[in-house]
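# Remarks on the overall topology
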Amino acid sequence: MKIGVDLGGSHVGVGIVNESGKIVIKKEQDLVINDKGEEEIKQYIRDVIIYNISDVLRTVGSPMCLIEKIGIASPGKVKGNVIKEIYNLNLQEFDLAHDLEEYYGVPVIARNDAKCAGIAEKQYGALKDYSDAVFLCLGTGIGGATFYNGKLIEPKRSEGSEYGHMIIQKDGNPCKCGNKGCFETYCSMKAFKKSVIEKFNLNENVSSKQILEFVLNNIHDTVMENIIDEYVDNLVLGISNIVNIIEPEVICFGGSFVHFKDVFYSKLLNKIDKAQYRFDTPKFVFGKLDNDAGMIGAVCADNI
Ligand SMILES: [Zn+2]
């Protein structure tokens, strides 16, 4: 039995993933961090994961000894199976894989969540039939995964494919990575939502679903059109760089961007058609596995 763990900035998901890449059962829990210190947060996350794994096992009536492996999809940088940094949770050097390995006595693999989601789409989803592909995850930040000849590109030293930190504007928006003008400061869904909230004076705590409804209801408003046009212009700029360097057959969009397909897609195709590449325009597809992609990819990571 394989257990996938999806560690997000504000929640944890745990599920049993079967041999066909389907989630048999999953449990999710919001993380309540408040003013906990770093070590306290690490312990709390371990406890939440262990509690939810027990809960999942109890529900299906399986003993713990049937677990064969555990995969963790984590935000931020993961190197040598150690989570190096999660900005949203203010964590560094979190050896969660080692801790769970000791507790369960089975192999535990940790990987960046965008890589996991890309692997899942490559193995079971929208990228299944492609060989040279880029998975571009547009959500709170921008993550990516690159495949050549059907294999995930994995540099020796870390994970690579950090498309979100490709600089598209000199002296541009400050990024959490310390640079300025990074792709994700213009084209993450967080950046898009921030523009809408600011330009229309919306409540900061508005949900993604409410933002989407608001955008669709005001899609012909001039201010909204300008926000969307600017977003898509920057997206095309980033995609053009990716195409010129990687020459993928296909680019697959993942993350919450998928839910905004009706807002962006026709404008994107229109502007992409006018962009200048060194190579043929790739196909564009949307992830099929939605929020489950990270959890699924976390356990099939060594099959690619
Ligand atoms: Zn950056």
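What you are looking at is a predicted structure, and each value in this text was computed from that prediction instead of being measured.

### Side note on the sheet that holds strand S7 (residues 91-94)
Judged by pairing direction, the sheet is antiparallel, and its three strands sit side by side in the order S5-S6-S7 without closing on themselves. Across the chains shown, the open sheet's two edge strands, defined by having one partner strand only, are strand S5 (77-79) and S7. Strand-to-strand, the axes of this sheet are offset by a mean angle of 15°, without reference to chain direction.

### Notes on the pattern of salt bridges
Scanning the entire structure with this criterion turns up 15 salt bridges. With its nearest N and O atoms 4.0 Å apart, the salt bridge here joins Lys2 to Glu19. On the criterion of sequence distance, the pair formed by Lys2 in strand S1 (residues 2-7) and Glu19 in the loop between strand S2 (11-17) and strand S3 (23-30) is long-range, its members being 17 residues apart. Shared partners join several salt bridges into a network, and the residues in it are Asp229, Asp233, Lys267 and Lys271.

### Concerning the coordination of the zinc ion
Distances from the zinc ion to its protein donors, His165 (ND1), Cys175 (SG), Cys177 (SG) and Cys182 (SG), fall within 2.0 to 2.3 Å. For the zinc ion, the single-chain donor residues occur in sequence as H-x9-C-x1-C-x4-C. Placement of the pair is His165 in the loop between strand S11 (151-152) and helix H4 (184-187) and Cys175 in the loop between S11 and H4, with a sequence separation of ten residues.

### Concerning the pairing of strand S10 (residues 142-148)
In terms of burial, S10 is largely enclosed, as six of its seven residues are buried. Note: strand S9 (residues 133-138) against S10, six bridges, orientation antiparallel. Bridging across to S10, Leu136 finds its partner in Gly144. If you look at the hairpin formed by S9 and S10, you'll find three residues sitting between the two strands. Counted between consecutive antiparallel strands, the loop separating S10 from S11 contains two residues, among which Asn149 sits at a positive phi close to 50°.

### Thoughts on helix H8 (residues 261-274)
Structural remark: α-helix, 3.6 residues per turn; residues separated by three or four positions point the same way. Taking 1.5 Å per residue, 14 residues should reach 20 Å; H8 reaches 20 Å between its end C-alpha atoms and fits that length. Taken together, the buried positions of H8 are occupied by Val263, Phe264, Leu268 and Ile272. Against helix H5 (189-199), helix H6 (208-217), helix H7 (222-246), strand S12 (250-254) and strand S13 (283-286) lie the buried residues of H8.

### A word on the nonpolar core
Leu136, Phe192, Tyr231, Ile239, Phe253 and Phe264 are the most contacted members of the largest nonpolar core, which has 42 residues in total. Listed by contribution, the elements that provide at least two residues to this core are S9, H4, H5, H6, H7, S12, H8 and S13. Among the elements that make up this core, the one with the highest residue count is H7 (eleven residues). Among the nonpolar cores identified, the runner-up in size contains 35 residues, and Ile41, Ile86, Leu100 and Ala110 belong to it.

### So, the domain arrangement of the protein chain
Domain assignment breaks the protein chain into domain 1 (2-116 + 292-303) and domain 2 (129-286). For domain 1 versus domain 2, the distance between C-alpha centres works out to 26 Å. Contact with domain 1, which involves nine residues of that partner, is made by 15 residues of domain 2. Between domain 1 and domain 2 the total buried area reaches about 1,000 Å² when both faces are included, carbon and sulfur atoms providing 49% of it. Considering only the side of domain 1, the residues that lose the most area to domain 2 are Tyr87, Ala114 and Lys115, jointly responsible for 55% of the buried surface there. At the boundary of domain 1 with domain 2, the tally comes to one salt bridge. Applying the counting criterion to the domain 1 and domain 2 interface returns four residue pairs in polar contact (both at pLDDT 80 or more). At the level of elements, S5, strand S8 (108-112) and helix H3 (113-124) are the ones that each hand at least two residues to the side of domain 1 that touches domain 2. Counting residues per element, the side of domain 1 that touches domain 2 draws most heavily on S5, at three residues.

### Considering unusual backbone geometry
In this model, Asp171 sits at a positive phi of 50°, which is unusual for a non-glycine residue. In this fold, Asp171 is placed in the loop between S11 and H4. In this model, Asp290 sits at a positive phi of 50°, which is unusual for a non-glycine residue. Secondary-structure assignment places Asp290 in the loop between S13 and helix H9 (293-300). Overall, Asp290 belongs to the partly exposed group, its relative accessible area being 42%.

### What about the side chain of Asn52?
Mapping Asn52 onto the fold places it in helix H1 (residues 38-60). Not counting residues up to four positions away in its chain, the partners in contact with Asn52 are Val14, Lys27 and Gln29.

### Quick look at the sheet that holds strand S4 (residues 69-74)
Strand order across the open sheet formed by five strands is S3-S2-S1-S4-S8, with mixed pairing between neighbours. This sheet does not close on itself; its edge strands, each paired only once, are S3 and S8. Neighbouring strand axes in the sheet, compared pairwise and without regard to direction, differ in orientation by 15° on average. Strand direction decides the pairing type here: S4 and S8, joined by five bridges, are parallel. Along S8, the bridge assignment pairs Gly71 with Ile109. Packed onto the sheet, H9 meets S1, S2, S3 and S4 and runs at close to 130° relative to S1.

Conventions adopted
Residues numbered from 1 in each chain as written. Predicted model: local features only at pLDDT ≥ 70, side-chain atom pairs only at ≥ 80, totals over all residues. Heavy atoms only, no water. Pairing = 2+ DSSP bridges. Helix = DSSP H or I, 4+ residues; strand = E, 2+ residues; numbered from the N terminus. Axes fitted to C-alpha atoms, helices over the stretch in contact; angles between N-to-C directions. Salt bridge = Lys/Arg side-chain N within 4 Å of Asp/Glu carboxyl O. Donors = N, O, S within 2.8 Å, 3.2 Å for Na, K, Ca; no water. Buried < 20%, exposed > 50% of the residue type's maximum accessible area, 1.4 Å probe, protein only. Expected span 1.5 Å × (residues − 1). Contact = heavy atoms within 4.5 Å. Core = buried A, V, L, I, M, F, W, Y, C linked by side-chain atoms within 4.5 Å. Domains from an automatic or database assignment. Buried area = accessible area lost by both parts, 1.4 Å probe. Polar contact = N/O pair within 3.5 Å; in protein donor to acceptor, adjacent residues only side chain to side chain.

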